[in-house]
Amino acid sequence: MANQRRKYISCLFVILAAMGSTPVGLAAGEIGEYEVKAAFLYNFARFVEWPATAFSGPRDPIVICILGDNPFGDSLSDAIRGKELAGRSFAVRRISELPLKSRCQILFVTSAGMKLLRPAAGTLKSAPILTVGETPGFGYEGGVINFKLEDGRIRFEINVEAAEQAHLNISSKLLSLAQIVKSRRKP
Amino acid sequence: MVTGPIASNTHRRISFLPHRFRAVALMAGATVAGLAQTNNPSDLTQMNLEDLMNVKVTSVSKREQKLSRTAAAIFVISQEDIRRSGATNIPDLLRMAPGVNVERINANAWAISIRGFNQHYSNKVLVLIDGRSVYSPIFSGVSWDQLDMPLEDIERIEVIRGPGGTIWGANAVNGVISILTKSSKDTQGGMLTAAGGSQLRGLGQIRYGGKAGRDGTFRAFAKIFDVGNSASADGSPADDSWQRGRAGFRFDWEHANRDAVVLEGDLFANEENQTSRNGNIPTPFDILSHTELDAAGGSMLARWTHTLAGGSQTSVQAYYDTYRRTDFGIPATLRLFDLDFQHHVTAGDRHDIVWGLSYRVGRSSFAPGYAIRFSSYSRTDNLFSGFLQDEIRLSDAVSLTVGWKLEHNAYTGLENEPSARIAWNPSSGRHTVWATASRAIRQPAFADASVDSPLSIIPAGPDAVVVLRLFGNPHLKAETVRDFEIGYRSELSKRLSVDTATFISFYRDLLTTEPLPTVVIPGSPLQLFMPSKFDNNARATNYGGEASLNWKATARVRISPGYSYLHANLRLEPSSNGNITTSLAKDFPQHTFQIHSLMNLSSKWDFDQALYYTPRLPNSSIPGHARLDLRLSRRIGEVAEISVVGQNLLRPRSFEYGDANALVGTQTVRSIYGKITWRF
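Treat the numbers as computed from the prediction; the structure is a model and nothing was measured.

Novice: Please provide a residue-by-residue account of the overall build of chain A, values included.
Specialist: A tally of helices and strands in chain A yields 6 helices and 10 strands. Partitioning the intrachain contacts of chain A with sequence separation of at least 6 by distance along the chain shows that 65% fall at a separation of at least 24.

As structure tokens, this is what we get:
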């Protein structure tokens, strides 16, 4: 008897699970961290001016490079699809090592990517690249923009000095929303 | 799905590696709803920066690739999983990790282990809370009833199956359970929780978090918890109700991204009812007696992590832990201080090195004058250890981690715990194959070395009794394991991921009881005194594996089944005339199966289900049992959530474990409770 009831309830459970698994076309309730970060990366491009030397031609795309594994899935490609800025389209590229073999205007460094970056950070010095990290201390180590997650909201820090070194002109609007950090002083 | 602050991972900790410096990915991904915004994520790029900064991230997705790449069998229980489990205590949370065997003995005692050797106070799994070990050096094991906190404040629980001695040291033989609480930065504002129901008589909890200066945040909490009786063998109310209260705080300070300080502490008191026999070995002459278990204590931990120029990090941690616990009527006290230093540095572009030194001093004492005696009633033990671990990137796809821990304990002297781990992660990043070889030990505890315990007194005629008595052995060796694992992890698609691990473990010097010569003590009654003592005369070869799937069936439904298998072959050394101790008894199931399903019925309603199945334990009369838990919840705006949870719904009552030595097992009862959480 008890056994039968158990079977019955197990069945019910499976049915419930199966019911739940049929797609119900309602608004998705989830917003992924990297979907938001992808939107930020696109937005950063709108508020940063690169020197002409950063591109080889006026129609060159703005290339967002990801150092380390791609945490975005398709969300970054989706975010930039069809977008254009001053006649330039966007592209995404995954980079597995430094020094860079091709041009990147934005270099996103994942936490795992820090391991690849640190030994080769010198090769990026004064290159016109907007480096964006997500590791505590990234700005302090000379990165331009660093993401932070505070109470579920994405915040960012900007190292103005590092931006100047990379010949990037960051709009005051972007600066006003950021927390300003400084590079560590060289011993 | 999760209301309120999500698990932040800006506060990085190492997971399989020491917890301080890096974090693991959240496997399942903490997800949230209750959002003011119901933006379609694809619209995010249309938002201006200010709006974007106000978007609450609801899914801290798989972030560092660390977890998926780690060469170890790790399962992460996220805050989302915790909230939706409906569990009200930590043991029930651990049920959801495949390979962890959780068996309830009575309402306040559990047998919890990983990959076998399960018993009350299992001794082969190390448990940490924010880096503080809660494994008792008095009797080898964890007092699960003493572990508590607002479950909402847990960021995640990392369950590592397999040895972890290289990083964590002794007693991480079969696994490590690491409970990490949220940074106080992520628990700002107030939260009030009240719950009650048929067996959970009451749960009340208040927590408040605020800012302290420019760079600091804090939270403080108080919690009370009251559980009623479950059922005894004949269905009548068992005498196992219990209460506990706890208050604590956590303070976090971060400065210029260079320095981070964590300071946390808590105080607790427990009062529990139990029923026990008068000896460890059941006899027909046993008298069941009511005993009270009381425990009270507190802990304090401080940790400072400093990022040096060049990106290397140092961390200094100190904690003090003390409690007094009266179990089976015998008061025991522990005072423990631990100091630990770690340094994490990258060398060249291939080496990622962590090394550390630590010192621990613990004073354990038992009160004299009770039935269980000891050859010495208190002792102070020092523990020194050092470790070095190097993760070497052999190529883009292959990394090798080698590590070695050297530890000196007061019982067995110098012990070493080396390990080697290799992970192959082809460039697609979707698959990881890993393998490990490691050695770990369990060091003897105070009780193993010096106990003098009456096991049983059995009448053997009109004027004679047999007295069984067990003596500790100060010359015990450490129990050791040599363990080999192979695992595979894959993101088969965006919706489906799989995680499998297999292992074979060779144990030596496992604890046994050896008979000593029988002594006849004349008198009335005549005593046949049959002593025995602890020794290291057993070995075991165990193998098995675990598999889990995580399937995002739709945007609103996540289904995760898990399975574990264990084959154990325990045997006495030919030289032994003794018994394998209860700590080795085959009190673990060969197969376990579970399935969880989390469903978002709408943006306000959640419906969650969990089904567990454990077959009959090999040496037990307890039949196989299934457990079904259901939870239905509704969010009210962003501030409140009401839920109803049903537990053990399949049967009115059932045993999970039965008796544990002298402790009488009780039946879990079908129960229901309601809960309201209000944030302000």
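Novice: Before we move on, could you go through the overall build of chain B and cite the residues and values that matter?
Specialist: A tally of regular secondary structure across chain B gives 6 helices and 40 strands. Partitioning the intrachain contacts of chain B with sequence separation of at least 6 by distance along the chain shows that 64% fall at a separation of at least 24.

Novice: Quick one: what's the story with the environment of A:Gly139, residue by residue and with numbers?
Specialist: Residue position: A:Gly139 is located in the loop between strand E6 (130–133) and strand E7 (145–150). Remark: the alpha-carbon pair of A:Gly139 and A:Gly113, spanning 26 residues in sequence, is separated by 15 Å. Non-local contacts of A:Gly139, meaning those with residues more than four positions away in its chain, are made with A:Asn146, A:Glu157, A:Asn159, A:Val181 and B:Asn257.

Novice: Requested: an account of the sheet that holds strand E3 (residues 73–78) of chain B, with residues and values cited.
Specialist: Residue and element names in this part refer to chain B. Taken together, 5 strands build an open sheet; the order of strands is E3-E10-E11-E6-E7 and the sheet is mixed. Two strands in the sheet have a free side with no partner beyond their single neighbour: E3 and strand E7 (132–133). Across 7 bridges, strand E10 (residues 154–161) lies against strand E11 (residues 175–181) in antiparallel orientation. By the bridge assignment for E11, Arg156 is matched with Leu180.

Novice: For the pairing of strand E29 (residues 496–515) of chain B, give the residues involved together with the corresponding values.
Specialist: Residue and element names in this part refer to chain B. Judged from the 12 bridges that link them, strand E28 (residues 479–491) and E29 form a sheet pairing that is antiparallel. Its bridge partner being in E29, Ser490 is matched across the sheet by Val498. As consecutive antiparallel partners, E28 and E29 are separated by 4 residues. Looking at chain direction, E29 and strand E31 (residues 526–554) are connected through 17 bridges and run antiparallel. Residue pairing in the sheet places Thr513 in a bridge with Phe534 of E31.

Novice: How would you sum up the sheet that holds strand E2 (residues 62–67) of chain A? Please name residues and give values.
Specialist: All names here are of chain A. Strand order in the open sheet made by the 8 strands is E3-E4-E2-E5-E6-E7-E8-E10, with mixed pairing throughout. Of all the strands in the sheet, the pair left with one neighbour each is strand E3 (84–85) and strand E10 (179–181). The pairing of E7 with strand E8 (residues 153–159) spans 6 bridges and is classified as antiparallel. Paired with Ile145 across the strands is Ile158, a residue of E8. Of the strands in this sheet, E2, E3, strand E5 (106–109), E6, E7 and E8 touch helix H2 (residues 33–46), which is tilted by about 155° from E5.

Novice: So what about the pairing of strand E40 (residues 671–679) of chain B? Which residues, and what values?
Specialist: Residue and element names in this part refer to chain B. In terms of strand pairing, strand E12 (residues 189–197) meets E40 through 7 bridges, oriented antiparallel. Among the inter-strand pairings, Leu192 is bridged to a residue of E40, identified as Trp678. Strand direction decides the pairing type here: strand E37 (residues 640–647) and E40, joined by 8 bridges, are antiparallel. Across the sheet, residue Ala640 finds its bridge partner in E40, namely Trp678.

Novice: Quick rundown of the nonpolar core? Include the residues and the values.
Specialist: One finds B:Ile77, B:Leu93, B:Leu94, B:Val159 and B:Ile177 to be the most contacted residues of the largest nonpolar core, which totals 70 residues. Grouped together as the second largest cluster of nonpolar side chains are 51 residues, A:Ala38, A:Met114, A:Val144 and A:Ile158 included.

Novice: Go over H2(A) with me, naming the residues and quoting the values.
Specialist: Residues and elements named next belong to chain A. With 14 residues, H2 should cover 20 Å at 1.5 Å per step; its first-to-last C-alpha distance of 20 Å lies within 8% of that length. Across the 14 residues of H2, 12 count as buried, placing the element largely inside the fold. Along H2, the residues that are buried comprise Glu33, Tyr34, Glu35, Val36, Lys37, Ala38, Ala39, Phe40, Leu41, Tyr42, Phe44 and Ala45.

Novice: A description of unusual backbone geometry should follow, citing residues and the corresponding values.
Specialist: At the junction of B:Ser524 and B:Pro525, the peptide bond is cis and its omega measures out at 0° in the coordinates. The phi dihedral of A:Ala86 is positive, around 50°, even though this residue is not glycine. Within the secondary structure, A:Ala86 is located in the loop between E3 and strand E4 (88–95). Overall, the presence of 9 C-beta atoms within 10 Å leaves A:Ala86 in the exposed class. With a phi angle near 60°, B:Tyr121 is a residue other than glycine that sits in the positive phi range. Secondary-structure assignment places B:Tyr121 in the loop between strand E5 (109–114) and strand E6 (125–129). With 24 C-beta atoms counted inside 10 Å, the residue B:Tyr121 sits in the buried group.

Novice: How would you explain the environment of A:Ala39 if you had to name every residue and give the values?
Specialist: Mapped onto the elements of the fold, A:Ala39 is located in helix H2. A sequence separation of 41 residues divides A:Ala39 from A:Ile80, and the C-alpha atoms of the two residues are 8.4 Å apart. When residues no more than four places from it in sequence are discounted, the contact partners of A:Ala39 are A:Ala79, B:Leu44, B:Thr45, B:Met47 and B:Leu52.

Novice: Describe the confidence of the model for chain A, and please don't skip the residues or the numbers.
Specialist: Caution applies to low-pLDDT regions: their predicted coordinates should not be interpreted in detail. Per-chain confidence: chain A averages 78 in pLDDT, with 81% of residues scoring 70 or above. Note that pLDDT drops below 50 for residues 8–29 of chain A; the model gives that stretch 28 contacts with residues more than four away or on any other chain.

Novice: Which residues make up the environment of B:Ile287, and what values do they have?
Specialist: One can find B:Ile287 in the loop between strand E16 (259–276) and strand E17 (289–307). The spacing of B:Ile287 and B:Arg277 is 10 residues in sequence and 5.9 Å in space, taken between C-alpha atoms.

Novice: I'd like to hear about the confidence of the model for chain B, residue by residue, with values.
Specialist: All names here are of chain B. On average, residues of chain B score 86 in pLDDT, and 89% of them are at 70 or above. Per-residue pLDDT, averaged within each element of chain B, yields its smallest value for strand E1 (residues 30–31) (29) and its largest for helix H4 (residues 90–94) (97). Confidence drops under pLDDT 50 across residues 1–19; counting only partners more than four residues distant or on other chains, this segment forms 82 contacts. Scored as a whole, the predicted complex attains pTM 0.77, and scored at its interfaces, ipTM 0.70.

Reading the values: rules and limits
- Along each chain, residues carry numbers from 1 onward, in the same order as the chain's sequence is written.
- Chain letters and ligand numbers both follow the written order, the letters beginning at A and the numbers at 1.
- The predicted origin of the model limits local features to residues at a pLDDT of at least 70 and limits the giving and counting of side-chain atom pairs to 80 or more, whereas totals for whole chains, interfaces and linings rest on all residues.
- In this description a helix means any DSSP run of H or I spanning at least four residues, a strand means any run of E spanning at least two, and both kinds are numbered starting from the N terminus.
- We call two residues in contact when the distance between their C-beta atoms, placed using the backbone, is within 7 Å.
- When DSSP locates at least two bridges between a pair of strands, those strands are taken to pair.
- A fitted line through C-alpha atoms represents every axis, and for helices the fit uses only the stretch in contact; the resulting angles, taken between N-to-C directions, go from 0 to 180 degrees.
- Note on terminology: a nonpolar core is any set of buried Ala, Val, Leu, Ile, Met, Phe, Trp, Tyr and Cys residues joined through C-beta atoms within 7 Å.
- In this scheme the burial state of a residue depends on its C-beta neighbours within 10 Å: 20 or more other such atoms mean buried, 12 or fewer mean exposed, and anything in between means partly exposed; the C-beta positions come from the backbone.
- Expected span of a helix: the number of residues minus one, times 1.5 Å.
- Scored from 0 to 100, pLDDT records how confident the predictor is in each individual residue.

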